[in-house]
Amino acid sequence: MKKTLTSIVFVLFALVAWAQSSAFDQLKDDPRKAYGTDYPYNFAPVELTKAPKGYKPFYVSHYGRHGSRYFYNGYMYVEVDSVLTKAHRNHQLTPEGEAFYQKFQAAKDELNACSTELSDLGWQQHQQIAKVMYNNFPEVFKNGGNVYAISSLVGRCVISMAGFCQSLTQCNPKIIIREQSSRSILDGVKPGDRQNPIKHNPPKPKPRFEKNRSQFKGQDNLRDIVLSRTFTSTEGLPGNPHHIGSNLINLYTSLPSIGHEGMMGNLITDEEVAAVWESSNLGTYSWLFPERYVMIPILQDIIKKADAVIDGSCDRIADLRFGHDDCLGPLQMLMGINGADADPEDPYEVKNIYQNWQTCKACNMQLVFYRSKKASDDILVKCVFNGKEATLPVKTDCFPYYKWSDFRQFYTERCNSVEN
């Protein structure tokens, strides 16, 4: 009993400490986290907790977002080009705006040709994540074995999968990987895809803070700042100033992912993006939260495939999934990873339970399964989210490890409680 209470206190302490260090304190250390879902994956070294005595990992179940990419649609590049070109011709650019225009013109053919596609950095991220996973859990992979990898139908996810899998086989050629991207597997990676032959109709409730959104008084003047530095006037330019400013901010936060960092000079700074982060974080949370029940088939796929490995009907050492931020973010909320299922009513509390840089480029979740030499011992599982051990809303007396039986029961009940 004492051990259990001690463990519960430890988990609660970890949750509080994690939340406190994950908002403004982290932004001070790394303002680029304010890029949110545009934040490139961080490979800071992390020391993981050793497994309980006698336990060794034998299986990994993974979901990863595609890596860094060019902007998700081509319209933004076209619109920025149109605005800058007209402003240049009409002499409506500041000196720094003119310097930006020249750099953009030099890169625009590449930007237009590569829009939506994985960048070189995105490929490298998945290569590195695979190597880290291999090195963190060598017992799973050292003897080789079968791996099954699935991807959404989108090219940047398929290429991310290819990079990850290639890296695994470079670590150990004895690993045999079957890769698949097809409509038949969408339930396990992107259930809400319109091409999914299995149709679902789960509820999509709004987060509770929405009814109190008017109470939030966050700073939101960044568009005006970047417009005043870029243009002497926006009169007569295509598009309204609000949209033009949003495009410039989106371009800025995407540049480190595509090798064009510095293109915009000092028109905008990381610290200024960080100053309006809390407002943008609310927007991301509002966008992702209603989709959490849509991700139930992914969680069910995780449970089903793990069951097959555990009961011996499947010989895989890993199941890999490659998809999108609008899948992994809601899946995090569905599972309550690091408290993301809290659903606060106070808009100022949202930052303490979810930070949109968690859904960064190449963000990933790894569920690592452990077996004891004693057949009578429980299977254990732990969640590694973006390289760090994560909390789950499942009872445990050995955090960050959870009994698979408790994990399975908790999430099966959570899935079954939602009408579909």
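Conventions we followed
By convention here, each chain's residues receive numbers from 1 onward along its written sequence. Reporting of local features is limited, given that this is a predicted model, to residues whose pLDDT is at least 70; pairs of side-chain atoms are given and counted only at 80 or more, and all residues count toward the totals for whole chains, interfaces and linings. With hydrogens and water excluded, all non-hydrogen atoms of the structure serve as input to the side-chain values. In this description a helix means any DSSP run of H or I spanning at least four residues, a strand means any run of E spanning at least two, and both kinds are numbered starting from the N terminus. Any two residues having at least one pair of non-hydrogen atoms within 4.5 Å are treated as being in contact. Nine residue types can take part in a nonpolar core, namely buried Ala, Val, Leu, Ile, Met, Phe, Trp, Tyr and Cys, and a core is a set of them joined through side-chain atoms within 4.5 Å. Using a 1.4 Å probe on the protein chains alone, a residue whose accessible area is under 20% of its type maximum counts as buried, one over 50% counts as exposed, and one in between counts as partly exposed. The axes are straight lines fitted to the C-alpha atoms, using for helices just the contacting stretch, and the angles between their N-to-C directions are given from 0 to 180°. Should the near helix be turned counterclockwise from the far one by less than a right angle, the crossing is left-handed, whereas a clockwise turn marks it as right-handed. What pLDDT reports is the predictor's confidence in each residue, on a scale of 0 through 100. When a carboxyl oxygen of Asp or Glu lies within 4 Å of a side-chain nitrogen of Lys or Arg, that pair is called a salt bridge. A strand pair is defined by DSSP finding two or more bridges across the two strands. Stacked, edge-to-face and tilted are the three classes for Phe, Tyr and Trp ring pairs, Trp counted by its six-membered ring, which pair at centre distances within 6.5 Å; planes under 30 degrees apart are stacked, over 60 edge-to-face, the rest tilted. Both a distance and an angle decide whether a charge sits over a ring: NZ of Lys or CZ of Arg must be within 6 Å of the ring centre and within 35 degrees of the ring normal. Two cysteine sulfur atoms form a disulfide, by the criterion used here, when they sit within 2.5 Å.

Examining the environment of Leu118
Thought 1: One can find Leu118 in the loop between α4 (95–114) and α5 (120–136).
Thought 2: Sequence separation of Leu118 and Arg69 is 49 residues, and the distance between their C-alpha atoms is 4.2 Å.
Thought 3: With residues near it in sequence (within four places) discarded, Leu118 still touches Gly67, Ser68, Arg69, Trp123, Arg156, Ile159 and Ser160.

Considering the nonpolar core
Thought 1: Ranked by size, the top nonpolar core spans 114 residues in total, and within it Phe100, Phe141, Phe231, Leu320 and Met365 carry the most contacts.
Thought 2: With near-sequence residues (within four places) excluded, Phe100 lies in contact with Val80, Leu84, Thr230, Leu248, Leu251, Met263, Met264 and Leu267.
Thought 3: Ranked by size, the runner-up nonpolar core spans eleven residues in total, among them Phe209, Leu282, Met333 and Tyr354.

Concerning the packing of helix α12 (residues 296–310) against helix α15 (residues 404–416)
Thought 1: Put simply, α12 and α15 touch, their axes get as near as 10 Å, and they point 150 degrees apart. Crossing handedness for the pair α12 and α15: left-handed. Contacts between α12 and α15 involve Ile296, Leu299, Gln300, Ile303, Ala306, Asp307 and Ile310 on the former and, on the latter, Trp404, Arg408, Tyr411, Thr412 and Cys415.

Observations regarding the side chain of Asn386
Thought 1: Turning to its location among the elements, Asn386 is positioned in the loop between β6 (380–385) and β7 (388–389).
Thought 2: Apart from residues no more than four positions distant in its own chain, Asn386 is found in contact with Tyr41, Gln358, Cys360, Cys363 and Asn364.

Brief notes about the confidence of the model for the protein
Thought 1: Chain-level statistics for the protein give a pLDDT mean of 94 and a share of 95% at 70 or above.
Thought 2: Considering only residues more than four positions removed or in separate chains, one finds that residues 1–20, a stretch of pLDDT under 50, has 16 contacts.

Brief notes about the pattern of salt bridges
Thought 1: Across all of its chains, the model carries 21 salt bridges by this definition.
Thought 2: Notably, a salt bridge pairs Arg223 with Asp220, separated by 3.2 Å at the nearest N-O pair.
Thought 3: Take Asp220: its relative accessible area is 49%, and that puts it in the partly exposed class.
Thought 4: Among the salt bridges present, the one from Arg316 reaches Asp319, with a minimum N-O distance of 2.9 Å.
Thought 5: Among the residues examined, Asp319 registers a relative accessible area of 1% and is labelled buried.

What to know about the pairing of strand β5 (residues 364–372)
Thought 1: Of all nine residues that make up β5, eight are buried, and the element is covered over most of its length.
Thought 2: Pairing analysis gives nine bridges linking strand β1 (residues 55–65) to β5, with the strands arranged antiparallel. Each bridged residue has a counterpart across the sheet, and for Tyr63 the counterpart in β5 is Met365.
Thought 3: Where β5 and β6 come together, six bridges link them in antiparallel fashion. For Tyr370, the partnering residue across the bridge sits in β6 and is Leu380.

Examining helix α13 (residues 325–335)
Thought 1: Counted residue by residue, α13 has ten buried out of eleven residues, so it is predominantly covered.
Thought 2: Among all positions in α13, only Asp325, Cys327, Leu328, Gly329, Pro330, Leu331, Gln332, Met333, Leu334 and Met335 are buried.
Thought 3: On the buried face of α13, the contacting elements are β1, α11 (277–288), α12, β5, β6 and α15.
Thought 4: Of the residues trailing α13, Gly336 is marked for its positive phi of about 70 degrees.

What about the packing of aromatic side chains?
Remark: the centre distance and the inter-plane angle together describe each pair of aromatic rings, the angle taken between the planes.
Thought 1: Applying the stated criterion across every chain, the model contains 20 aromatic pairs.
Thought 2: Considering the side-chain rings of Tyr285 and Phe289, the 5.3 Å spacing of their centres and the 45 degrees angle between planes classify their relative orientation as tilted. Taken individually, Tyr285 and Phe289 each receive the classification buried, so the pair is uniform in this respect.
Thought 3: Each ring, one from Trp404 and one from Phe407, has its centre 5.2 Å from the other, and the planes form 25 degrees; the classification is stacked. Of this pair, Trp404 and Phe407 both sit in helix α15, three residues apart, which is roughly one turn of the helix. Each member of the pair, Trp404 as well as Phe407, is classed as buried.
Thought 4: By the ring-pair criterion, three or more aromatic residues cluster together here, those being Phe58, Tyr59, Phe369, Trp404, Phe407, Phe410 and Tyr411.
Thought 5: Between the NZ or CZ atom of Arg292 and the centre of the ring of Tyr293, over which it lies, the distance is 4.2 Å.

Thoughts on the state of the cysteines
Thought 1: Counted under the stated rule, the structure contains zero disulfides.
Thought 2: Here Cys171 stays free of any disulfide, with the sulfur of Cys165 as its closest cysteine sulfur at 12 Å.
Thought 3: The class for Cys171 is partly exposed, based on a relative accessible area of 28%.
Thought 4: No disulfide involves Cys415; its sulfur sits 15 Å from that of Cys383, the nearest cysteine.
Thought 5: Cys415 sits in the buried class, given a relative accessible area of 5%.

Some points on the environment of Leu153
Thought 1: Along the polypeptide, Leu153 turns up in the loop between β2 (145–151) and α7 (155–171).
Thought 2: Separated by 33 residues in the primary sequence, Leu153 and Leu186 place their C-alpha atoms 8.3 Å from one another.
Thought 3: Here Leu153 is in contact with Ser181, Ser182, Arg183, Leu186 and Gln195, once residues within four sequence places are set aside.

Quick notes on unusual backbone geometry
Thought 1: Cis geometry marks the peptide bond from Phe399 to Pro400; its omega dihedral reads 10 degrees.
Thought 2: Along the chain, Pro400 turns up in the loop between β7 and β8 (402–403).
Thought 3: Notably, His91 is not glycine yet its phi reads approximately 60 degrees, a positive angle.
Thought 4: If you trace the backbone, His91 turns up in the loop between α3 (75–89) and α4.
Thought 5: Positioned with a positive phi, Asn386 is a non-glycine residue whose angle comes to about 50 degrees.

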